[in-house]
Amino acid sequence: MPVAQKTKHAITLKGSTKTVSEFFYYAVNSILYQRGIYPSESFSFEQKYGLTVLVTSDEKLKAYLIKILEQVKQWLSDLVIEKLVLVIRRVSTQEVVERWQFDIKCDKSAKSDEPMVAEKDEKQVKKDIADVIRQIVASVTFLPALDFQCSFELLIYCDKNTELPSGEWADTGPQLVSNSVEVKLKSFTTSIHKVDSLVAYKLNPNE
Amino acid sequence: MSNKSAAGTAEASSASAAKRRCCFQETSSSVSLSSSFGSEDMQNLPPKTPLLGETAGLGASAGVSTASAAATPMELGIRDPVLKRYSRDYSRSFQPPQGPPPPPTSAMSNRLALQQQQQQNRWRQQSGTFEGDSRSSTTSSSDFIAAAGLPRQSPAPSLLGDRRQQQQQQVESNVKINGLQMRLLAEESARKWQRIEADQQIHRLRDENIRLQSREGSTEERSRLATVTAELQTVRDEYQDYRSKTQRTLDDCQRNVTRLNREKLELEERATADKERLALELKEARNRVFELTSRELRMTEEARMQAEIRSKELSEWKAHLAEREAQLEESSKLQARVNELELQAKLHESERARLKSANEAIDRYEQVRQQNARLKEQLAAAKQIRDDRLVLEEENRSLRGRLESAESRAATLAADLAAAQTAEAKQSDRSANQSLTADHWSSESARLASAQRELALATAGRAELQIAVSAAERSLSESAAAQSEAEAKIQRLETELGELKRRLRLLSRERDMLKEFVASYLLDCTLGGSGSEQAYLQRISNMESLLDDYKRQLDEALAEKSSTASAAPSRLSLPVESQQQQQQASSRLSLGELASKQEASLVIELRQQITELHKRLAAAEEDKEMLAAREARLSDLGDADPRFTRVLHLVQNPAQEAEEARENELAELRKKLEKALTRCEKLEEKLKNRAAAGPADGEAAAATAGSSAAATSVIGDMTRDVSMIVGRGDLLAEIERLKTELDRKDLQKQRQREAFRTNTEKMREAVHRLLGYRVQLESDNPSERLFRISSTYVDFDEQDSDKTSFLFRLNDDNVDLLTTDYVSEWQSDVRHYVQERNSVPAFLATVTLNYFGSSTTLVSSSVMGATTIS
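Here the structure is a predicted model, which means the values were calculated and not measured.

Colleague: Just checking my understanding: could you explain the nonpolar core for this structure?
Modeller: Proteins that are soluble and globular tend to have nonpolar side chains buried together. In terms of nonpolar packing, the biggest core is built from 66 residues, with Phe-23, Phe-24, Ile-88, Trp-100, Phe-102 and Phe-152 of chain A touching the most fellow members. Ranked by the residues each element gives to this core, the list is headed by helix H1 (residues 13-34) of chain A, at 10 residues. Those residues within four positions of Trp-100 of chain A in sequence are excluded, and the remaining contacts are Ile-31, Arg-35, Leu-84, Val-85, Leu-86, Ile-88, Ile-136, Ser-139, Leu-143, Leu-185, Leu-198 and Val-199 of chain A. The next biggest cluster of nonpolar side chains, apart from the first, holds 17 residues, and it includes Tyr-773, Ile-789, Phe-808 and Val-840 of chain B.

Colleague: How should the packing of aromatic side chains be read in this particular structure?
Modeller: Where two aromatic rings form a pair, the distance of their centres and the angle of their planes describe that pair. All names here are of chain B. By the definition in use, this model includes 17 aromatic pairs over all chains. Ring centres of Phe-806 and Phe-808 lie 6.3 Å apart, and the angle between their planes is 55 degrees; on these two criteria the pair is classed as tilted. Accessibility classification places Phe-806 together with Phe-808 in one group, the buried group. With a centroid separation of 5.7 Å and 55 degrees between ring planes, the pair formed by Trp-826 and Tyr-851 is classed as tilted. Residue Trp-826 is located in the loop between helix H15 (821-825) and helix H16 (827-836), and its partner Tyr-851 is located in helix H17 (residues 840-854); the two are separated by 25 residues in the primary sequence. Here the aromatic residues Phe-806, Phe-808, Tyr-822, Trp-826, Phe-843 and Tyr-851 are joined through ring pairs into a cluster of three or more.

Colleague: Whenever I open this one, the side chain of Thr-56 of chain A confuses me. Can you help?
Modeller: Residue and element names in this part refer to chain A. Here Thr-56 is to be found in strand E3 (residues 51-56). Residue Thr-56 is classed as buried on the basis of its relative accessible area, which comes to 1%. Among the polar contacts listed, one links the side chain of Thr-56 to the backbone nitrogen of Asp-58, at a separation of 3.1 Å. Every residue in contact with Thr-56, bar those within four places of it in the chain, is listed here: Asn-29, Ser-42, Phe-43, Leu-61, Lys-62 and Leu-65.

Colleague: What is the right way to read the pattern of salt bridges from this model?
Modeller: Here the idea is simple: oppositely charged side chains can pair when their charged atoms come close. Residue and element names in this part refer to chain A. For the structure shown, the criterion picks out 25 salt bridges over all chains. Between Glu-168 and Lys-67 there is a salt bridge, and its shortest N-O distance comes to 2.8 Å. Taken together, the residues Glu-168 in the loop between strand E7 (150-159) and strand E8 (169-171) and Lys-67 in helix H2 (residues 59-78) connect sequence positions 101 residues apart. Under the relative-accessibility criterion, Lys-67 is labelled partly exposed at 39%. Notably, a salt bridge pairs Glu-70 with Lys-73, separated by 3.9 Å at the nearest N-O pair. Here the residue Glu-70 and the residue Lys-73 both occupy positions in helix H2, the gap between them amounting to 3 residues, near one helical turn. Through salt bridges with shared partners, one network takes in Lys-127, Asp-131 and Arg-134.

Definitions and limits used
- Residues numbered from 1 in each chain as written.
- Chains lettered and ligands numbered in written order.
- Predicted model: local features only at pLDDT ≥ 70, side-chain atom pairs only at ≥ 80, totals over all residues.
- Heavy atoms only, no water.
- Core = buried A, V, L, I, M, F, W, Y, C linked by side-chain atoms within 4.5 Å.
- Buried < 20%, exposed > 50% of the residue type's maximum accessible area, 1.4 Å probe, protein only.
- Helix = DSSP H or I, 4+ residues; strand = E, 2+ residues; numbered from the N terminus.
- Contact = heavy atoms within 4.5 Å.
- Phe/Tyr/Trp six-rings, centres within 6.5 Å; stacked < 30°, edge-to-face > 60°.
- Polar contact = N/O pair within 3.5 Å; in protein donor to acceptor, adjacent residues only side chain to side chain.
- Salt bridge = Lys/Arg side-chain N within 4 Å of Asp/Glu carboxyl O.

Here's what the structure looks like:
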């Protein structure tokens, strides 16, 4: 009688960190494109997760994202990061009109040099990430149109005892959306980091 | 989502194709498709009207075998009752024509029989084809639904009903077309049969004619031949009539066929339109299905998200419930603690009673101490008595010694007395002789009597002393027992005092613990109002006052104890003070009773406060739950607890940059606005000034100008002026400086130009005078370098014309002599000097010499003048 052999997948903290930070890069790019924060001409197509995602070609924006995500990568590997939040604000009033929140739950028992047994294989994780990206893209259907000039900012929630790397970083507030409507999106996990997604938006931002 | 739906549609189409295949297999199995049908037979099939959803493969493969040619529609596996009905009708109406059997002998007849058999096969094939078509239409109708990607239970029943009705109409129209075709074919076949019959009859008559011609010899046969010929002619005529009739019928049939084909085309067009409409409806249905699917997916997703939210809320509620239970447990603990405190209050009451008894014991202790002191005094007295006894014993011993000595003296004296008596007797004899010794005897006797008296007295004293010693010893033992008892009582009281001190310490510790507990509880009840906090504080202060009261009472008791201890020795001597103290003790007892009553009322008050506190605690718990829910919601929304979390961002971020850019833009706009405002103010001032300068000017201006252009120019001047004032106000000094500089430069340039012009004139004059030619720059363009040269010997009025001057163009490496009328006069010299020798100066010198030779007088005067000058 054939015996089914259960295949075990392994993942390291480094690999999980890379996967999650990569997801953040593409998710943030997709949000910025879909919400029209930057002109669509400044985005180019790229194949990722079996999808065609749009990635910015604006050098300044790219440098900002890379800079912030390098630090996020460090904090992900230190297991001290709790949230990554993309805040969209109206430039004229500085009012927060949209807030994309990615909650990160870290498995504190993970060690940097020891591979862990993963619940899902890499393909499944990428499929889950693709589902989240797809939901982000599809969320344009229910999110209100932003008919005014907007800018964005990335916030990182860290452990209280986290040391700041340089003078470029500073403490700030959570920047919540007043009278918001929340929609929870799909989540994915790498067995070390679990990322839950949520978007909170102002129902009538143009008023 | 679109991909998913597309995939779903693709799956549906593939499923429909599979279903179509399955249907085909079912149909083919039920029809038992025969492979014996060759391609020729297939080609001979009549043209088939394509049905909706029917494929070429289906149509091409729907044939029947000869074995199953007579099969009924039921046997052919047609399940649709409508199609069965049509099939039955057609099978009934399209029976192969029962023509006359062919003649068995002739080859023609055999051929005709074969043709008839083929025709019958065709009819059967047509019938089978139609039945196959009807089956395929059934199949296609089911496949149409499957190919549409729709579920079998359509989301819109009316749409499905319409579609079925349309399909039915389509099928009916197809059936009608097929029926017409079949009827046409039947008529054609009937005509063919009639023609065949006529042909057979003609052949038969020909055969008979041939046979009769072979028997031409007999007259009968001739007459018969003539008859047959006439019959033949008749038959021919009939045949001609029949042919013409048949031709007409054929024409009618052709017309019918044309009409039917037209109708068929119309029906096909209608079918195509219906098909397109159905395709559109199918598309709409697909869109609707897609919308419904997407909506369902979205709703599923929303439901899932809501379920997650609900589960999260449930878990939160569970957590809240657990927290509530913990709080309830805590409150029950608090209730237990309150009960314990009440119990402790009762214990305190008992302690108070014990303290009261301890006070009483202390009082007793004082009494005992007094008694002890008394006993000590007695002991001291007893000791004194003992000392006295010892002294007495010593005296007794001395007395005994003395008694013994007295006894010994008495014995001595008795011996002396006996000796004296013997001596007296002897001496009586000798009395006479010794009269003097009698006196001595009497004194001795007196002394003996006194000694005897003293002895008796000493014996009595000794008895008395022995009695006193025994009494003293008895009292001494009694005082020792009383002392030991008093010491035991003191020891017991000291033990009780230590116990009370220990209890006091325990109570103090418990009080501190309760304080801490209440403080922590107050910290937990952060939402508790100031009233509950005050109640707690009041309760604590009450307990503290109660404890202080206990402490004070204990201190007083200790002080009293110490005072009574210090006053104990004097109590024996001062019974009045002890009485006063007893009175104080009794008054203290009455105070204790009063305190117990107060404490009872305090306990009741405390219970009331506890009840009130419970109510406030419940309200505080509700507030706490609300706050916890709000906090949880805020936490879900991304609120950060600064005790555990830091929210960080890059100082230089896009939002900040956008804000800075906007601020810069706003600052620039503000500057522009300020400028514009200033400009407006200046304009207004200017207008006011102009208005004040005199309306007459304005009227005059209006009268003179009278046009909007003038007004515009005025406004333009004003604007320019205001611009000068506003926009360049700060640059006026610079402008002035630049203007001064410009004037200076202009003056310098003017001077240089004048100096250059003077020098140029001098140079030209010098050239003219020295070389005999006037040189003029012909073109205004300095880069062209075109010079007109005229000789000084030519008339002055003619010097600048082309007839008396040469035109030279100076290039970088050579000089071109331009062709003019004047040059042609000097053709030979030009050729000789310029073209051959390439020397313009020599040419010019030749011209000068020629002129000089021809007009000596004129030149001589001028040359003379020049010589004179030089």
